[in-house]
Amino acid sequence: MDKLSTHIMIAWDKFLFFALRELGSPVLTSILKKTNPIREDGNMLVVEADNQGSRLLLENKKEVIQELLSVFNNHPTKLVITLKEKKRKAPVSSLPLISYQDSPEAAFSKANLNPLFNFENFAVSNSNQIAHAASYAVATNPGKQYNPLFLYGGVGVGKTHLMHAIGQKILADSPDKKVLYCTSEEFTNDLIELIRRKNTGQFRNKYRTLDVLLIDDIQFIAGKTYIQEELYHTFNTMVRLNHQIVFTSDKSPKEISGLEDRLRSRFSGGLMIDVQKPDFELRCAIVMIKAKQRNIPIDIMAVKTIAEKIEDSRELEGMILNIYSKSLLLNNTSQITNDLATYEIKTQKETRIKKTTASDVIKTVCVFYDIKQSYIKSPIRKDSIARARQTIMYILRIELKMKYEEIAFLLKRKDHTTIMHGVDKIKNEIMTNDRINDEIQRIINSL
C-alpha cells in the first residue's frame, strides 16, 4: 500500500469514529465500516460499498454523510459511492455461452431477496418450529404441497425471514427458477404504475409467469378492489400451473376486514400457520446469532437481559447495535456487558415513552383496528369501536402515565370513572386472554 493510500485509510478510520459519535445510527455506521476509500481527488472522496444493498442505503443517506465529512475535513467534501467490483472466474472455453448463470448473490438480488435471511441462521424453538418445518418443505418441493403457504403473526416473529429463506433455498437448488419477493405495497405500486402507462399486460406477464411468488404483509391489499382482482387472477394462474405462492400477514385471512371472500377462500385453501412470538430461549438464540453475524462480543448475562426485556426479534438486533455503539463510546471496548445492556434498555424505553404523544396512540390504535379516528371521540358504542377506545385509555394511562381526568377530557368521555372502567377491563383481559395481550403488546411496540 502506497503512502497516499495509507493516509486515506487512516483518515477514513478516524472519520468512522467521528461519525459513530455524531450519527447516533448504529445501522448506518456499521454499513459505513464495511466501505473502503479508494481514491481522493481534491475535495472529492470516492468510497466503495461491498454490495448493492449497502450502496443504495448509503446513497439515501449521502447528504448527511457528506455534511459530516465536510465538518470532519474542515472544508466542503463531495462523496462518491461506487460498488465494489466482484472478481469473475475466467470462462471455460469448452462450455457454451448460453450455460452462463448469475452468481447466487446476483440471483438473490434479482429476486429481491435478503441473503442474510436464510434457513441456516434462523433460530428454531417451540414457538416457530411448525412454521420453519412447513417453510422448509415448501422450499424443497415448491408447488407440490402447502400451496399457498400463509404465515401470520405479530411483528418480529420471523415471518419475513422464513419467506426470504424459502426463496433462497429454491434458487440455490434450481437457479433457473423465476422467484420474486415483494411487499403488498410494491405489488400495488407496480400495478398502479403500469395502469398509468396503460400496460397492464406487462404486469400480468411479470407476475403470472413466476415459478415462486412471495408477498409480504398481504393484509394491506384489504379494501383495494382492483388490486384484489388482479391478485385473485394471478393466484389462480400460478396455482393451476403448480407454481408456489407464499403470503405473510399480521392476521389470519378471516380476521382481515375488507378482504374479498373469494381471496379469503383461496388463502384458506392452503396451509395457514400462526407464528407465535419468540419465547425467552429463542430470543436468547437470536441475540447470539445477530451478535455473531456482526462480530460483536457479548456477555452471556447481557444476552439474557436483552432477551428478557425485548420480545420483538426485529427490535433485538437494533438494541444490540445501539448498545454496541455505546460500548465503543463509553468504555472504548467492543464487549457488550450486562450493566451497559441494562442501563441502555431502561434509557431507551424512557426516551421512547417521552416522545410518544396521545395523538400517536390514537392514530396507531385506529390503524391497528382499522377504524376512523373520529369514531374514538364520538358517542358510538359499537363493540369494535369500544374495544379500540378502551385500548387507547389503557395505553394512555399505563404507558404515558396520563391522569384519568386528562384522558376523559381528551376522549370526550363523561367523567374519569368511565376511563377507570376501560383501563381495568383491558387489564383483566390481558391477564386472562393471550390474544388480547398479544394485540396490546404489538400496538405498544409499534409506537
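Residues numbered from 1 in each chain as written. Predicted model: local features only at pLDDT ≥ 70, side-chain atom pairs only at ≥ 80, totals over all residues. Heavy atoms only, no water.

(A) Representation of helix α17 (residues 383-398) in the model. Taking 1.5 Å of rise per residue, 16 residues should cover 22 Å, and α17 covers 22 Å from first to last C-alpha, within 8% of that figure. Within the sequence span of α17, burial applies to Ile385, Ala386, Ala388, Arg389, Gln390, Thr391, Ile392, Met393, Tyr394, Ile395 and Leu396. (Helix = DSSP H or I, 4+ residues; strand = E, 2+ residues; numbered from the N terminus. Expected span 1.5 Å × (residues − 1). Buried < 20%, exposed > 50% of the residue type's maximum accessible area, 1.4 Å probe, protein only.)

(B) How the structure looks around the sheet that holds strand β4 (residues 149-152). Pairing is parallel across the open sheet formed by five strands, whose spatial order is β5-β6-β7-β4-β8. Both edges of this open sheet fall to β5 (179-183) and β8 (271-274), since each of them pairs with a single strand only. Ignoring strand direction, the axes of neighbouring strands in this sheet form an average angle of 10°. (Pairing = 2+ DSSP bridges. Axes fitted to C-alpha atoms, helices over the stretch in contact; angles between N-to-C directions.)

(C) Broad picture of the nonpolar core. Counting residues in hydrophobic clusters, the biggest one holds 30 residues, and the most contacted among them are Val365, Ile376, Ile392 and Leu396. If we ignore the near neighbours within four places in the chain, the residues touching isoleucine 376 are Ile362, Cys366, Ile371, Ala388, Arg389, Ile392, Leu411 and Arg413. By size, the runner-up hydrophobic cluster in this structure holds 26 residues, among which are Leu151, Leu162, Val179 and Val246. (Core = buried A, V, L, I, M, F, W, Y, C linked by side-chain atoms within 4.5 Å. Contact = heavy atoms within 4.5 Å.)

(D) Inspection of the pattern of salt bridges at higher detail. Inspection of the entire model under this criterion finds twelve salt bridges. We note a salt bridge from glutamate 230 to arginine 208, for which the minimum N-O separation is 3.1 Å. Within this pair, whereas glutamate 230 is found in helix α10 (residues 225-240), its partner arginine 208 is found in helix α9 (residues 200-208), the two being separated by 22 residues in sequence. For glutamate 317, the salt bridge goes to lysine 290, with nearest N and O atoms at 3.7 Å. Of this pair, glutamate 317 sits in helix α14 (residues 313-330) while lysine 290 sits in helix α12 (residues 280-293); the two residues are 27 residues apart in sequence, bridging distant segments of the chain. (Salt bridge = Lys/Arg side-chain N within 4 Å of Asp/Glu carboxyl O.)

(E) Here's a closer look at helix α11 (residues 261-268). Every buried residue of α11 is listed here: Leu263, Arg264 and Phe267. One side of α11 holds all its buried residues, which, seen down the axis, span an arc of 100°. (Arc of directions from axis to C-beta.)

(F) Just the packing of α17 against helix α19 (residues 416-432), in detail. Between α17 and α19, the least distance of the axes is 8 Å, while the angle of their chain directions is 90°. Put simply, α17 runs roughly perpendicular to α19. Counting all contacts with α17, which are made through Arg387, Gln390, Thr391, Met393, Tyr394, Arg397 and Ile398, the residues of α19 involved are Thr418, Ile419, Gly422, Val423, Lys425, Ile426, Lys427, Glu429 and Ile430. Split by residue class, the contact of α17 with α19 holds seven nonpolar, four polar and five charged. (Parallel < 35°, antiparallel > 145°, perpendicular 65-115°, else oblique. Nonpolar A, V, L, I, M, F, W, Y, C, P; charged D, E, K, R; others polar.)

(G) Looking closely at unusual backbone geometry. In this structure, the amide linkage connecting asparagine 147 to the following residue, proline 148, adopts the cis form with an omega of 5°. In this structure, proline 148 sits in the loop between α6 (129-140) and β4. Residue lysine 401 is not a glycine yet carries a positive backbone phi of 60°. In this fold, lysine 401 is placed in the loop between α17 and α18 (404-410).

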